[in-house]
Amino acid sequence: MPYEARHLANFILDEGGRSVSAFTPMAIQKLIFFSHGWSLAFRDRSLVENGFEAWKYGPVIPVLWDEFKAFGNKIVTARARFTNPLTGEKSFIPYSIEGDDADFIRLILAYYAGFPAMVLSDLTHQAGTPWKIVRENMQKVANFGGAIDNELIRNTFLRMDVSWLARAEIKIRPSILT
């Protein structure tokens, strides 16, 4: 089942706290993108229900940008909140990410969380990546918001090198990859 992006962000922030990692808003965006892309490739299922857009510094989920923009390029020190449409009040809503989904995200974090945010951004900008393809097409046709299609993400990640799995420092159960 796909998760709301703010729940994934809060899970990643909580996991980062357990491993003494700290994340900027950009790093959170990219970690969710890599988790989502590898989930589409390995498990043939979406991890995030929100769509990605091709912004200047890589794939972005707008609701996450809105939530964490006050942190700029600093470490995020608060959890994402949800706005009650009736009252306008913002509050934290607990997430439930467990089992294979949680282990899968931890696998992605075991490899990618050690990279600085700009390196993660650079990884999304390489030739042939979904971001690069959409950005190039945006210059040719009107593509409002620069939406990045899940099928494009999946197909790109299917072609990517997976040798990093051998370097991930957690035990991989076959079930988390299916």
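Being a predicted model, the structure only gives us computed values, none of them experimental.

(A) Molecular detail of the overall build of the chain. Along its length, the chain carries eight helices and five strands. Scanning the chain from its N terminus toward the C terminus, one meets helices and strands in the order α-α-β-β-α-β-β-α-α-α-β-α-α. Within the chain, the proportion of its 178 residues that are buried is 44%. Counting only contacts in the chain whose residues sit at least 6 apart along the sequence, the fraction spanning at least 24 positions is 73%. Carbon and sulfur atoms make up 56% of the accessible area of the chain, which amounts to about 9300 Å² in all.

(B) Representation of the packing of helix H2 (residues 25-43) against helix H7 (residues 150-158) in the model. In contact at an axis separation of 8 Å, H2 and H7 are set at 80 degrees when each is read in the N-to-C sense. On the basis of the axis angle, H2 is roughly perpendicular to H7. Side by side, H2 and H7 meet where Phe33, Phe34, His36, Gly37, Trp38, Leu40 and Ala41 of the first sit next to Asn150, Ile153, Arg154, Phe157 and Leu158 of the second. Partitioning the contact of H2 with H7 into residue classes produces eight nonpolar, three polar and one charged.

(C) Broad picture of H2. With 19 residues, H2 ought to run about 27 Å at 1.5 Å a step, and its terminal C-alpha atoms sit 26 Å apart, in line with that. Of all 19 residues in H2, 17 are buried, a share of seventy percent or more.

(D) A look at the packing of H2 against helix H4 (residues 99-112). Viewed as axis vectors pointing N to C, H2 and H4 meet at an angle of 120 degrees, and their least axial separation amounts to 10 Å. Accordingly, the angle class assigned to the pair H2 and H4 is oblique. Judged by the sense of rotation from one axis to the other, the crossing of H2 with H4 is right-handed. Along its contact with H2, which presents Leu31, Phe34, Ser35, Trp38, Ser39, Phe42 and Arg43, the element H4 presents Asp100, Asp101, Phe104, Ile105, Ile108, Leu109 and Tyr112. When the residues that make up the contact of H2 with H4 are grouped by side-chain class, the tally is nine nonpolar, two polar and three charged.

(E) Examining unusual backbone geometry more closely. A positive phi is found at aspartate 44, a non-glycine position, where the angle reads about 55 degrees. Structurally, aspartate 44 is set in the loop between H2 and strand E1 (52-55).

(F) Helix H5 (residues 117-124), seen in detail. For H5, the full list of buried residues reads Ala117, Leu120, Ser121 and Thr124. The buried side chains of H5 occupy one side of the element, clustering within an arc of 100 degrees when seen end-on. At its buried positions, H5 is contacted by H2, strand E2 (58-60), H4 and helix H6 (130-138).

(G) A look at the packing of aromatic side chains. Counted according to the given criterion, the structure contains 14 aromatic pairs. Ring geometry for tryptophan 38 against phenylalanine 157: centres 5.0 Å apart, planes inclined by 85 degrees, an arrangement best described as edge-to-face. Of this pair, tryptophan 38 sits in helix H2 while phenylalanine 157 is found in helix H7, placing the two residues 119 residues apart along the sequence. Taken as a pair, tryptophan 38 and phenylalanine 157 share a single burial class, namely buried. Taken together, the ring pairs connect Phe33, Phe34, Trp38, Phe42, Phe52, Phe104, Tyr111, Tyr112, Phe115 and Phe157 into an aromatic cluster. One residue, arginine 43, lies across the ring of phenylalanine 104, its end atom 4.4 Å from the ring centre.

(H) How the structure looks around the nonpolar core. Ranked by internal contacts, the top residues of the largest apolar core, which has 42 residues, are Ile32 and Phe68. Counting only elements with at least two residues in this core, the list comes to helix H1 (5-18), H2, E1, helix H3 (62-68), H4, H5, H6 and H7. With nine residues, the top contributor of residues to this core is H2. If near-sequence neighbours (up to four positions away) are discounted, isoleucine 32 is found in contact with Ala5, Leu8, Ala9, Ile12, Phe52, Ile61 and Leu64.

How each quantity is defined
Residues numbered from 1 in each chain as written. Predicted model: local features only at pLDDT ≥ 70, side-chain atom pairs only at ≥ 80, totals over all residues. Heavy atoms only, no water. Helix = DSSP H or I, 4+ residues; strand = E, 2+ residues; numbered from the N terminus. Buried < 20%, exposed > 50% of the residue type's maximum accessible area, 1.4 Å probe, protein only. Contact = heavy atoms within 4.5 Å. Areas by Shrake-Rupley, 256 points an atom, 1.4 Å probe, with all protein chains shown as cover. Axes fitted to C-alpha atoms, helices over the stretch in contact; angles between N-to-C directions. Parallel < 35°, antiparallel > 145°, perpendicular 65-115°, else oblique. Nonpolar A, V, L, I, M, F, W, Y, C, P; charged D, E, K, R; others polar. Expected span 1.5 Å × (residues − 1). Left-handed = near helix turned anticlockwise from the far one by under 90°. Arc of directions from axis to C-beta. Phe/Tyr/Trp six-rings, centres within 6.5 Å; stacked < 30°, edge-to-face > 60°. Lys NZ or Arg CZ within 6 Å of the ring centre and 35° of its normal. Core = buried A, V, L, I, M, F, W, Y, C linked by side-chain atoms within 4.5 Å.

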